[in-house]
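Fold and geometry: a report
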Amino acid sequence: MGHEHVRGQIWRDGQFVDGFQLDQISECIDQPGTLVWADLECPTHETLTHLAAELDLDPFAVEDTTAAVERVKTVTYTAHTFLMVYAITIKDGDGQSDSDAAPPTQQPLPQQQPLQRATLFDLHRISIFVKHNALITVRRNSGFDIEQVVQRWKDIGGERYGVGALLHGLLDVVVDGHFDAVERLDDDIEDLEQLLFDDRVPGRSLQRRTYDLRKDLVVLRRVVLPMREVIAGIQRRRFENQAPPELDPHFSDLYDHALRAAEWTESLRDMITTVFETNLSLADARLNTVMKKLTAWAGIVAVPTAITGFYGQNVPFPGFARTFGFVTSTVLIVVIVGALYVSFRRRDWL
């Protein structure tokens, strides 16, 4: 958990207003031509409680924000709308993620527990409050770069279309991160498929990697699939902010991206299942090959054993105690063993 950091911006008639204080939000609510955004990174209990009291946020929404684990969802309360989404960042080569220690003088919110330990990416929970012309985001750690969202707003000119445009820009960055994670997982699964028929790769290592990718996919699906319902709810409800019709195609495109990401995870699940089953089938095939070779060699070894055992009897027989008896047994061993070896090789048993 990092240090508490509060930032924000106020627009009035589409123009930036210098200076921002958290206490200004309640004064700007419902002001014509005014748009407010506040971002709380690693907030303390005192800060979040003060904000909830100032904006009359529903206690259940605040409780979801402070909960250790919460699912992706959107809930419309009487005074505001609450959303819970997860942004995804792909880990670097050494698997490290951003984290800062909280100073002892603060009482930060309890560190959230991840849905499941992922090996390819990290999850960053974002709580979103939409109240009239104000958008408030609460982030539990500093892993998500909020500057991406600010830059997206600048690119699309979000301040001209109200809080709906700000919400669209934020969700657009989140969904883009989902796409990047799905694409990375797709590449890794394709690489895994190429290793299936490489005999130099140990089977145990291949099984472990398959299991890790399957675990990552489960985590990814938990945060990607519900985004369809979240965005669909935004389109239906319109958040009572009288968003301009110019935003309709943008939200439709955002829903299409979320739908494609969800469908992509479905295909990845089929791919990883196929890899898992193919790996088991190949393992069975290799075992059958080993058993055939062992059986063939056992048949070859049985011939000299039988012949030497026969000639080792302590009773007279043709060639007993004679040189031609030894020659006969040796020739029989070589001829029959050679014939069996050639026969097994033709059947691909050896």
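Refer to the preceding data block for the structure.
So, how was this worked out
- Residues numbered from 1 in each chain as written.
- Predicted model: local features only at pLDDT ≥ 70, side-chain atom pairs only at ≥ 80, totals over all residues.
- Heavy atoms only, no water.
- Helix = DSSP H or I, 4+ residues; strand = E, 2+ residues; numbered from the N terminus.
- Buried < 20%, exposed > 50% of the residue type's maximum accessible area, 1.4 Å probe, protein only.
- Contact = heavy atoms within 4.5 Å.
- Areas by Shrake-Rupley, 256 points an atom, 1.4 Å probe, with all protein chains shown as cover.
- Core = buried A, V, L, I, M, F, W, Y, C linked by side-chain atoms within 4.5 Å.
- Pairing = 2+ DSSP bridges.
- Axes fitted to C-alpha atoms, helices over the stretch in contact; angles between N-to-C directions.
- Patch = residues over 30% accessible without salt bridge, like charges linked within 9 Å, V, L, I, M, F, W, Y side chains within 5 Å.
- Salt bridge = Lys/Arg side-chain N within 4 Å of Asp/Glu carboxyl O.
- Arc of directions from axis to C-beta.
- Polar contact = N/O pair within 3.5 Å; in protein donor to acceptor, adjacent residues only side chain to side chain.
- Phe/Tyr/Trp six-rings, centres within 6.5 Å; stacked < 30°, edge-to-face > 60°.

We now examine the overall build of the protein. On a plain count of helices and strands, the protein comes out with nine helices and seven strands. By the burial criterion, 44% of the 350 residues in the protein qualify as buried. Long-range pairs, those at least 24 residues apart, make up 73% of the contacts in the protein with a sequence separation of at least 6. Carbon and sulfur atoms form 53% of the exposed surface of the protein, whose accessible area is close to 18,500 Å².

Of all hydrophobic cores here, the largest spans 60 residues; its most connected members are Ile128 and Leu135. Counting only elements with at least two residues in this core, the list comes to β3 (34–41), β5 (81–90), β6 (121–131), α4 (147–156), α5 (163–195), α6 (203–224), α7 (227–237) and α8 (248–311). Looking at which element gives the most residues to this core, the answer is α5, with 15 residues. The residues touching Leu135, leaving out its near neighbours within four places in the chain, are Val36, Trp37, Ala38, Ile128, Phe129, Val130, Trp153, Val163, Leu166 and Leu167.

Take the environment of Leu225 next. Inspection of the secondary structure puts Leu225 in the loop between α6 and α7. For Leu225, a relative accessible area of 17% puts it in the buried group. Through-space distance from the C-alpha of Leu225 to that of Arg260 is 10.0 Å; in sequence the pair is 35 residues apart. For Leu225, the contacting residues outside a window of four places in its chain are Ala262 and Thr265.

This paragraph deals with the sheet that holds β5. Within the open sheet, the seven strands sit side by side as β2-β1-β3-β7-β6-β5-β4. Their pairing is mixed. Because the sheet does not close on itself, it has two edges, and the strands there are β2 (15–17) and β4 (73–76). Strand-to-strand twist in this sheet, taken as the mean axis angle between neighbours without regard to direction, amounts to 20°. For strand β1 (residues 5–12) and β2, the ladder comprises three bridges, and the chain directions are antiparallel. Looking at β2, one finds that Trp11 is bridged to Phe16. Contacting β1, β3, β5, β6 and β7 (134–139), α5 runs over the sheet at an angle of about 35° to β5.

Now for unusual backbone geometry. Phi at Cys42 is positive, roughly 55°, even though this residue is not glycine. Within the fold, Cys42 resides in the loop between β3 and α2 (45–55). Exposure remark for Cys42: the relative accessible area of 0% places this residue in the buried category. Backbone geometry places His132, a non-glycine residue, at a positive phi of 55°. Secondary-structure assignment places His132 in the loop between β6 and β7.

Moving on to the side chain of Asp188. As for its position among the elements, Asp188 is in helix α5. Using a relative accessible area of 12% as the deciding quantity, one classes Asp188 as buried. What Asp188 contacts, discounting residues up to four positions off in sequence, is Leu120, Arg209 and Leu213.

Turning our attention to a nonpolar patch on the surface. A grouping of Phe326, Val327, Val331, Leu332, Val335 and Ile336 is seen on the molecular surface, where their side chains present a nonpolar patch of about 520 Å² in accessible area. Locating Phe326 in the fold gives a position in helix α9 (residues 323–346). With a relative accessible area of 59%, Phe326 lands in the exposed category.

Where helix α3 (residues 59–66) is concerned, the buried positions are Ala61, Val62, Asp64 and Thr65. Projected onto a plane normal to the axis of α3, the buried residues spread over an arc of 155° and lie on a single side. Turned more than 90 degrees off the buried face of α3, the exposed positions are Pro59 and Phe60. Where α3 begins, one side-chain oxygen reaches toward the backbone nitrogen of Phe60, 2.8 Å away; that side chain belongs to Asp58.

So, on to the packing of aromatic side chains. One pass over the full model with this rule turns up six aromatic pairs. Aromatic side chains Phe82 and Phe129 sit 5.1 Å apart centroid to centroid with 50° between the ring planes, which places their arrangement in the tilted category. A residue pair is termed long-range when its members are at least 10 positions apart, and Phe82 in strand β5 and Phe129 in strand β6 qualify at 47 residues. The class for Phe82 is buried, based on a relative accessible area of 0%. Summarising the aromatic geometry, the rings of Trp297 and Tyr341 are spaced 6.3 Å apart at their centres and angled 50° between planes, so their arrangement reads as tilted. Of the two residues, Trp297 is situated in helix α8 and Tyr341 in helix α9; the sequence distance between them amounts to 44 residues.

Here the focus is the pairing of β6. By the criterion of burial, β6 is predominantly enclosed, with eleven of the eleven residues buried. Here β6 shows two buried faces, one formed by Phe121, Leu123, Arg125, Ser127, Phe129 and Lys131 and the other by Asp122, His124, Ile126, Ile128 and Val130. Where β5 lies against β6, ten bridges are found, and the strand directions are antiparallel. Looking across to β6, one finds that Ile88 is bridged to Leu123. Of the strand pairs in this sheet, β6 and β7 are connected by six bridges, and their pairing is antiparallel. Paired with Val130 across the strands is Leu135, a residue of β7. Taking the residues that link successive antiparallel strands as the turn, the β6-β7 hairpin has two residues, and the phi of His132 there is positive, at about 55°.

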